[in-house]
Every structure is written in C-alpha cells, then in structure tokens.
Amino acid sequence: MRDLYVIIAGAAELEDWGPKPLATSGQPHERGLMLHDDAHSKLGVWECSPGSWDSAKEGCGELMHFISGHGWIVDADGRWEIRPGATRWFPDGWSGRWEVDTTVRKIFAIL
C-alpha cells in the first residue's frame, strides 16, 4: 500500500536544501518537501529565492505547476513567465536558464 499525502502546497513547511548549485547571479537558496522518491519518479514541493542559474533535463522530464512567485525561464523557444497558476512540461534534453526575481514555489513531478 502506498502512503497518502494531503498537503496544502502553498503552506507546507519545507526543509532547507541549501544554496542553489551553479548560480550565475544572486544567491538563490532552495527549500523543499519530497513527497515521493523512487527509481522512477520524484514528487514534491520546491521553493527557491531570487537569482539565476542554468538548468538541464538529462534522462528525465519534469512537470511543474507554480503556486507563487515570479521570474522567467529562458530557453531556445524564448522567454517563459513564471507566475502563480503557470504549468509547463520540460522534456528530457531540455536546457535553459532560470531568472527568479521573487521567491518561487512549485509542485513538481520528475519522471
């Protein structure tokens, strides 16, 4: 039987995950709550303070749904706004840059 999680993602208490590795500007700091983590998938809540960093999906894809904050994700397709209610799929092989100007929080599923 699987564990059942009921959370209010916007109010969930998050663990300190430390400074964002490879930040290119600012001092972004990550916090999160992992709800599920196995060899096939990871599900949780993630938050990061302002800053910029490069990112890539290698060997996995990620579905993100943002619940707070603001910023931009810049990739080969253009500039995509991070804002509450925004949802996006990042497929395996995606790469781009995050530019966070107000702490963002998202629900994520990495497959």
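Here the structure is a predicted model, which means the values were calculated and not measured. (Residues numbered from 1 in each chain as written. Predicted model: local features only at pLDDT ≥ 70, side-chain atom pairs only at ≥ 80, totals over all residues. Heavy atoms only, no water.)

Q: What am I meant to see in the state of the cysteines here?
A: Two cysteines joined by a covalent bond between their sulfur atoms form a disulfide. Across all of its chains, the model carries zero disulfides by this definition. Free cysteine Cys 48: the closest other cysteine sulfur is in Cys 60, separated by 17 Å. (Disulfide = S-S within 2.5 Å.)

Q: It is not clear to me how the side chain of Lys 106 should be interpreted in this structure. Could you clarify?
A: Tracing the backbone through its elements, the reader meets Lys 106 in strand 9 (residues 95-110). The class of Lys 106 is buried, set by a relative accessible area of 4%. There is a polar contact of 2.9 Å between the side chain of Lys 106 and the side chain of Glu 62. Filtering out sequence-adjacent residues up to four positions away, Lys 106 remains in contact with Gly 44, Val 45, Trp 46, Glu 62, Met 64, His 65, Phe 66, Ile 67 and Trp 98. (Helix = DSSP H or I, 4+ residues; strand = E, 2+ residues; numbered from the N terminus. Buried < 20%, exposed > 50% of the residue type's maximum accessible area, 1.4 Å probe, protein only. Polar contact = N/O pair within 3.5 Å; in protein donor to acceptor, adjacent residues only side chain to side chain. Contact = heavy atoms within 4.5 Å.)

Q: What am I meant to see in unusual backbone geometry here?
A: Most peptide bonds are trans, and most residues other than glycine sit at a negative phi. Positioned with a positive phi, Leu 22 is a non-glycine residue whose angle comes to about 60°. Looking at the secondary structure, you find Leu 22 in the loop between strand 1 (15-19) and strand 2 (23-26). Classification of Leu 22 by relative accessible area gives exposed; the value is 74%.

Q: In this structure, what is going on with the pattern of salt bridges? I would like to understand it.
A: Side chains carrying opposite charge are able to pair once their charged atoms draw close together. In the structure shown here, the tally under the stated rule is eight salt bridges. Notably, a salt bridge pairs Lys 106 with Glu 62, separated by 2.9 Å at the nearest N-O pair. Taken together, the residues Lys 106 in strand 9 and Glu 62 in strand 6 (residues 62-75) connect sequence positions 44 residues apart. We note that Lys 106, like Glu 62, is buried. Measuring nitrogen to oxygen at the nearest pair gives 2.7 Å for the salt bridge that ties Asp 75 to Arg 88. (Salt bridge = Lys/Arg side-chain N within 4 Å of Asp/Glu carboxyl O.)

By themselves, these figures tell us nothing about what the structure is for.
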